[in-house]
Amino acid sequence: MSTDKGKAPANGTAASLPYELPWVEKYRPKTLDDVVGNSETIERLKVVARDGNCPHIILSGLPGIGKTTSIHCLAHQLLGDAYKEGVLELNASDERGIDVVRNKVKAFAQKKVTLPPGRHKIVILDEADSMTPGAQQALRRTMEIFANTTRFALACNMSNKIIEPIQSRCAILRYAKLRDAEVLRRLLEICEMEGVKYNDDGLTALIFTAEGDMRQAINNLQSTFSGFGFVSADNVFKVCDQPHPVVVQAMIRSCLKGDVENAMEKLNELWNHGYSAVDIVVTIFRVVKTFDEIPEYTKLEYIKEIGFTHMRILEGVSTLIQLGGLMARLCKMNLKPELFKI
Ligand SMILES: Nc1ncnc2c1ncn2[C@@H]1O[C@H](COP(=O)(O)OP(=O)(O)OP(=O)(O)O)[C@@H](O)[C@H]1O
Ligand SMILES: [Mg+2]
């Protein structure tokens, strides 16, 4: 064992530690009732938790929206005190090749444990999309043979990475991105409990940057609060390091007036801050999408142009000239056609 100078003190003194648990963990929901959003899916899980007949399930959806949390809540509610013996959790950090499925999972499925009546052992395979197809193949028959004692719960970001035969054995529950109002509600609760000082623009900025990812919203809230002591839009964008939507809005406003010089000035400002072309174009898209000062028709045309530029950038042409070209086209749409006659 090393005797590191910087080592944290032993657990016994945890109460006096200056370190704080990340809020994402501190406020990880303990029961299905606390999980926000995706109400239909959560309702189904609650019915399973109550009645106990858990089918094999796959939860699939984007990161940070409550998949792992829901599975753990479900397992806790189903098994209660027997959770420790009744659950085998394997995630992407564990070795999950064919051998592990053949030995560890099978051994767990064969093990005898005392559970509440009508309940089954649960194998949680988190981040299951990272399992090799070979390992997934090895699961097929295991899932069937031990179905009377053991149920499988898989979580993944992309359900198409799960092989068809496994999908056909499971109920697939899809998690959608959380709505702004849902993220806001949770953020307000946490602000209240932690005594965070904030203003409305700050919370809007957190929701804007998180794009429906609760984990990111909570992490950014904590970083902003611990870094600046106050959650305002400016502080949030300093922490998140994304182009400031207010600058982008000003840029779009100039385009609407056909003022290319001003638009280019704002673009240069962002570029000189070191933001990449993708960052800038993605923020332009998100600002335009929700900007109510743009008439509907213009908005559609703008989004089309932004889409083309995004495509070019992803093809590798991520230069200031491309973004400048986009500005020029957005301005041109608002200038009189006569001006372009030669
Ligand atoms: N629906 C939700 N309700 C409340 N808190 C949530 C919700 N979704 C995520 N969180 C918060 O975000 C953290 C991470 O959530 P979780 O681990 O469930 O994400 P995940 O969907 O499994 O993501 P990944 O795909 O990256 O594994 C939780 O600890 C919790 O604090
Ligand atoms: Mg997870």
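These numbers were taken from a predicted model, which means no experiment stands behind them. (Residues numbered from 1 in each chain as written. Chains lettered and ligands numbered in written order. Predicted model: local features only at pLDDT ≥ 70, side-chain atom pairs only at ≥ 80, totals over all residues.)

Draft legend 1. Broad picture of the overall build of the protein. Scanning the protein from N- to C-terminus turns up 16 helices and five strands. Computed over its C-alpha atoms, the radius of gyration of the protein comes to 25 Å, more than 25% above the 20 Å expected for a compact globule of 342 residues. Overall, the C-alpha framework of the protein stretches about 85 × 50 × 45 Å when taken along its three principal axes. Looking at the protein as a whole, 33% of its 342 residues qualify as buried. (Helix = DSSP H or I, 4+ residues; strand = E, 2+ residues; numbered from the N terminus. Rg over C-alpha atoms; globule rule 2.2 N^0.38 Å. Buried ≥ 20, exposed ≤ 12 C-beta atoms within 10 Å, placed from the backbone.)

Draft legend 2. Up close: the environment of Asp-81. Here Asp-81 is to be found in the loop between helix 3 (67-79) and helix 4 (83-86). Owing to 10 C-beta atoms within 10 Å, Asp-81 belongs among the exposed residues under this scheme. In this structure, the C-alpha to C-alpha distance between Asp-81 and Val-24, residues 57 residues apart in sequence, is 24 Å.

Draft legend 3. Quick peek at the sheet that holds strand 4 (residues 150-156). The five strands are arranged 2-3-4-1-5 in an open sheet whose pairing can be described as parallel. The open sheet has two edge strands, strand 2 (87-90) and strand 5 (171-175), and neither has a second partner. Neighbour to neighbour, the strand axes of the sheet diverge by 15° on average, direction disregarded. (Pairing = 2+ DSSP bridges. Axes fitted to C-alpha atoms, helices over the stretch in contact; angles between N-to-C directions.)

Draft legend 4. Expanded view of the nonpolar core. Of all hydrophobic cores here, the largest spans 59 residues; its most connected members are Ala-75, Ile-124, Leu-125, Leu-154, Leu-206, Ala-217 and Leu-221. The residues contacting Leu-154, other than those within four sequence positions of it, are Ile-58, Leu-125, Ala-128, Ile-162 and Cys-170. Core analysis: the next-biggest nonpolar cluster, separate from the first, contains 22 residues, Leu-270, Leu-323, Leu-326 and Cys-331 among them. (Core = buried A, V, L, I, M, F, W, Y, C linked by C-beta atoms within 7 Å. Contact = placed C-beta atoms within 7 Å.)

Draft legend 5. Focus on unusual backbone geometry. Positive phi values are uncommon outside glycine, yet Glu-127 reaches one of about 45°. Here Glu-127 lies in the loop between strand 3 (121-125) and helix 6 (133-145). The backbone of Glu-211 shows a phi angle near 50°, a positive value even though the residue is not glycine. Residue position: Glu-211 is located in the loop between helix 9 (200-210) and helix 10 (214-228). A tally of 16 C-beta atoms within 10 Å means that Glu-211 is categorised as partly exposed.

Draft legend 6. Representation of helix 11 (residues 233-240) in the model. Here helix 11 has its buried residues at Ala-233, Val-236, Phe-237 and Val-239. In a view along the axis of helix 11, the buried residues occupy a sector of 160°, so they form one face of it. Packing partners of the buried residues in helix 11 comprise helix 9 and helix 10. Just downstream of helix 11, Asp-241 is the residue with a positive phi angle, here 50°. (Arc of directions from axis to C-beta.)

Draft legend 7. Representation of the site of ligand 1 in the model. In the neighbourhood of ligand 1, 21 residues make up the surrounding shell, with Arg-28, Pro-63, Gly-66, Thr-68 and Thr-69 lying closest. Counting only elements with at least two residues in the shell around ligand 1, the list comes to helix 1 (23-26), helix 3 and helix 10. Tallied by class, the residues present in the shell around ligand 1 amount to ten nonpolar, six polar and five charged. (Near = placed C-beta within 6 Å. Nonpolar A, V, L, I, M, F, W, Y, C, P; charged D, E, K, R; others polar.)

Draft legend 8. Summary view of the domain arrangement of the protein. By the assigned domains, the protein splits into domain 1 (13-175), domain 2 (180-240) and domain 3 (245-334). Taking only C-alpha atoms into account, the centre of domain 2 sits 26 Å from that of domain 3. (Domains from an automatic or database assignment.)

Draft legend 9. Expanded view of the packing of helix 12 (residues 245-257) against helix 14 (residues 277-289). Where helix 12 contacts helix 14, the two axes come as close as 10 Å, and the packing angle between them is 75°. In this view, helix 12 runs roughly perpendicular relative to helix 14, as classed from their interaxial angle. Contacts from Pro-245, Val-248, Gln-249 and Ile-252 of helix 12 reach helix 14 at Thr-283, Ile-284, Val-287 and Val-288. Considered class by class, the residues forming the contact of helix 12 with helix 14 number six nonpolar, two polar and no charged. (Parallel < 35°, antiparallel > 145°, perpendicular 65-115°, else oblique.)

Draft legend 10. Here's a closer look at helix 10. The first and last C-alpha atoms of helix 10 sit 21 Å apart over 15 residues, in line with the 21 Å expected at 1.5 Å per residue. Turning to helix 10, its buried residues number three or more, namely Met-214, Ala-217, Ile-218, Asn-220, Leu-221, Gln-222, Thr-224 and Phe-225. If you follow the buried residues of helix 10, they end up packed against helix 1, helix 8 (180-194), helix 9 and helix 11. Downstream of helix 10 by a residue or two, Gly-229 has a phi angle that is positive, lying close to 80°. (Expected span 1.5 Å × (residues − 1).)

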